[in-house]
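# Residue-level structure breakdown
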2 protein chains.
Amino acid sequence: MSDAANDTKVRFDPERLTFNEAGLVPAIAQDAETSEVLMLAWMNAESIARTLRTGRVTYWSRSRQAFWVKGETSGHVQELVDLRIDCDRDCLLVLLRQTGPACHTGRRSCFYTGVRDGHEQELMTPQD
Amino acid sequence: MSDAANDTKVRFDPERLTFNEAGLVPAIAQDAETSEVLMLAWMNAESIARTLRTGRVTYWSRSRQAFWVKGETSGHVQELVDLRIDCDRDCLLVLLRQTGPACHTGRRSCFYTGVRDGHEQELMTPQD
C-alpha cells in the first residue's frame, strides 16, 4: 500500500515554486519546539535542495550572492525538522532546531524590537 | 518617570524601514495565542501605519495594487496584538488574533503542505 500511496503523491520539485525576479522565495525560520519565529531569509531552488539533502538549513545570501549554510562560521546551526510550502507556492516555512541564537546580534530571534505605544522597545537582550 | 522614559525611546516611524524596490516589506502573520504561523503577505509604509492606527491588520495586495484589509470581504479579520521589527528592519512579525481561517482555501494556515520523504503532503483540510 505504501508504494501505491506514494504513486498518488506529488514529488516535491524545488524548481516548481514561484520565485521572485531574483529567483528567490522568502523562508520563515520557526523553532520547531517553542514555535518562536526566529528570522526570515531567502532561498533559491538549489539552497532548498541542499537543505533537504543535508538537513542543514541553507539560505541564499543576497548581500554576498552565495549559499549561506546558517551557522557554518558561528556554529549557530539550524537543523531541518520540517519544510512547509504556502498555498501560493511562493513562501516557505522552515521548522528547525536552532543551536544558539539565530540573530547575528546574539539574540535568540531577529524580531527583538516591538512597537509599543508608537515607540520602539527592545524585548530581548543578547545571550551569553 | 514615564515621560522621561519615553524621551529616551525611539518613536516608531514606518517610513524608516528598509523597503524593497516596490516599497514593500514581508510581514509574517503569527497567531498570538497558538504561535502558529498563518501566512506571509506584504506591507508598505502606509499599510503599516493603518494597521497600527486601526488595529486591523492591513496589507498591500501586490496583485490588486491596493490596500488589503484582511477579512474585509470574507470576515476573516486579523486583530493586531503586537508588531515586531527584525534586526535588519526589512521584515515584520505581526502577532494577531485570527477570526476564522487565514488562508483563502479555508485552511487555518497557508502553510498546509509539508515536504515528507521528497513528496508533498497535505497536512490540513479546509475548515467548515
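Sequence order as written defines the numbering, with residues in each chain counted from 1. To read the labels, note that chains go from A and ligands from 1, taken in the order they are written. At least 70 in pLDDT is required for a residue's local features to be given in this predicted model, at least 80 for side-chain atom pairs to be given and counted, and no such filter applies to totals for whole chains, interfaces and linings, which use all residues. Here the side-chain values reflect all heavy atoms present in the structure, with hydrogen atoms and water set aside.

### Brief notes about the relation of the copies chain B and chain A
The criterion, for reference: Only residues with pLDDT of at least 70 in both copies count here: their C-alpha atoms drive the least-squares fit that superposes the copies. Any two residues whose heavy atoms approach within 4.5 Å at even a single point are treated as in contact.
Rotating chain B by 180° and moving it 0.0 Å along the rotation axis overlays it on chain A with an RMSD of 0.0 Å. In short, the pair behaves as if placed about a two-fold rotation axis. By C-alpha distance to the rotation axis, the residue of chain B lying nearest is S35 of chain B, at 2.9 Å. Most of the interface of chain B is mirrored in chain A: 100% of its interface residues are interface residues there too.

### Brief notes about the packing of aromatic side chains
Counted only if it meets this: Two aromatic rings, drawn from Phe, Tyr or Trp (for Trp, its six-membered ring), form a pair once their centres lie within 6.5 Å of each other, and the interplanar angle then sorts them: stacked below 30 degrees, edge-to-face above 60, tilted otherwise. A 1.4 Å probe rolled over the protein chains alone gives each residue an accessible area, and that area as a share of the maximum for its type sets the label: buried under 20%, exposed over 50%, partly exposed in between. Charge over a ring is defined by NZ of Lys or CZ of Arg lying within 6 Å of the ring centre and within 35 degrees of the ring normal.
Tallied over the entire structure, the rule returns 4 aromatic pairs over all chains. Summarising the aromatic geometry, the rings of Y59 of chain A and W68 of chain A are spaced 5.2 Å apart at their centres and angled 45° between planes, so their arrangement reads as tilted. Between W60 of chain A and F67 of chain A, the aromatic rings sit 5.0 Å apart at their centres with planes inclined by 85°, giving edge-to-face as the arrangement. Of the residues examined, F67 of chain A reaches a relative accessible area of 27% and is grouped as partly exposed. The residue whose ring lies beneath R50 of chain A is F67 of chain A, and the NZ or CZ to ring-centre distance is 3.7 Å. Between the NZ or CZ atom of R107 of chain B and the centre of the ring of Y112 of chain B, over which it lies, the distance is 4.0 Å.

### Some remarks on the layout of surface pockets
For clarity, the threshold we go by: In this analysis a 1.4 Å probe is tested at points of a 1 Å grid over the protein atoms alone, and where it fits but cannot get out there is a cavity; an open set with protein on both sides within 12 Å along at least five of seven lines is a pocket; lining residues have an atom within 4 Å of a point. Grid points are joined across faces, edges and corners, and a volume is the space filled by probe spheres set on the points. Labels follow the DSSP assignment, with helices taken as runs of H or I lasting at least four residues and strands as runs of E lasting at least two, numbered in each case from the N terminus. Note that Gly is not counted as nonpolar here; it falls among the polar residues with everything else outside the nonpolar set of Ala, Val, Leu, Ile, Met, Phe, Trp, Tyr, Cys and Pro and the charged set of Asp, Glu, Lys and Arg.
Reported here for the largest pocket is a volume of approximately 1200 Å³. Listed by contribution, the elements that provide at least two residues to the lining of the largest pocket are β1 (25-31) of chain A together with β1 (25-31), β2 (37-43), β3 (58-61) and β4 (66-69) of chain B. The element best represented in the lining of the largest pocket is β2 of chain B, accounting for 4 residues. For the lining of the largest pocket, the residue count by class is 25 nonpolar, 13 polar and 11 charged. What the second largest pocket holds in volume is close to 640 Å³. Around the second largest pocket, the lining is made up of 29 residues, and of these M39, A41, W68 and K70 of chain A together with D88 of chain B lie nearest the centre. Secondary structure elements with two or more residues in the lining of the second largest pocket: β2 (37-43), β3 (58-61) and β4 (66-69) of chain A. A per-element tally of the lining of the second largest pocket places β2 of chain A first, with 4 residues.

### Some details on the sheet that holds strand β5 (residues 78-85) of chain B
What counts here: At least two DSSP bridges between two strands are required for those strands to pair. Helix axes are fitted only over the stretch in contact, all axes being lines through C-alpha atoms; the angle between N-to-C directions runs from 0 to 180 degrees.
Spatially, the 6 strands line up as an open sheet ordered β8(A)-β7(A)-β5(B)-β6(B)-β1(B)-β2(B), and their pairing is mixed. Each having just a single partner strand, β8 (119-122) of chain A together with β2 of chain B make up the two edges of the open sheet. Averaged over all neighbouring strand pairs, the angle between strand axes comes to 35°, with direction disregarded. One ladder, built from 7 bridges, connects β5 of chain B with strand β6 (residues 92-98) of chain B; its direction is antiparallel. Looking at β6 of chain B, one finds that L83 of chain B is bridged to V94 of chain B.

### Focus: helix α2 (residues 45-54) of chain B
Considered for burial, the residues of α2 of chain B that qualify are A45, S47, I48 and T51 of chain B. Looking at the buried side of α2 of chain B, the elements it contacts are β1, β2, β3, β4, β5 and β6 of chain B.

### Concerning the state of the cysteines
Here is the rule: A pair of sulfur atoms, both from cysteines and within 2.5 Å, is called a disulfide here.
Taken as a whole, this structure holds 0 disulfides over all chains when the rule is applied. The thiol sulfur of C110 of chain A is not disulfide-bonded, and the nearest other cysteine sulfur, from C87 of chain B, lies at 3.7 Å.

### Considering helix α2 (residues 45-54) of chain A
Three or four residues apart is the spacing at which side chains of an α-helix point the same way, because the helix has 3.6 residues per turn. Residues of α2 of chain A that are buried make contact with β1, β2, β3, β4, β5 (78-85) and β6 (92-98) of chain A. G55 of chain A lies just past α2 of chain A and shows a positive phi near 80°.

### Observations concerning the interface of chain B and chain A
Counted only if it meets this: Buried area is calculated as the accessible area (1.4 Å probe) missing from two parts once they are joined, with the contributions of both summed. One speaks of a salt bridge when a side-chain nitrogen belonging to Lys or Arg is within 4 Å of a carboxyl oxygen belonging to Asp or Glu.
Of the residues lining the interface, 42 residues belong to chain B; the matching set on chain A comes to 42 residues. Here chain B meets chain A over a buried area of about 3600 Å², counting both sides, of which 59% is carbon and sulfur. For chain B, the biggest contributors to the area lost against chain A are F111, H119 and E120 of chain B; these three give 19% of the whole. On inspection of chain B and its partner chain A, the count reaches 6 salt bridges. Its salt-bridge partner being R62 of chain B, residue D90 of chain A comes within 3.5 Å of it at the nearest N-O pair. For the side of chain B that touches chain A, the secondary-structure elements that each account for two or more residues are β1, β2, β5, β6, β7 (113-116) and β8 (119-122) of chain B. Sheet analysis places strand β7 (residues 113-116) of chain A next to β5 of chain B, joined by 3 bridges and oriented antiparallel. Across the sheet, the residue bridging to T113 of chain A is I85 of chain B, located in β5 of chain B.

### Considering the UniProt feature "binding site: Mg(2+)" in chain A
The cut-off we apply is this: UniProt positions are given in the numbering used here, feature names are shortened, and annotations may be inferred rather than shown by experiment.
According to UniProt, the "binding site: Mg(2+)" feature falls on D86, D88 and D90 of chain A. As for the lining of the largest pocket, the annotated residues named previously contribute D86, D88 and D90 of chain A. Within the fold, D86 of chain A resides in the loop between β5 and β6. Setting aside chain neighbours within four positions, we find D86 of chain A in contact with C91 of chain A together with C110 and F111 of chain B. Here D90 of chain A lies in the loop between β5 and β6. In this structure, D90 of chain A is in contact with T18, V25 and P26 of chain A together with R62 of chain B, ignoring residues within four places of it in sequence.

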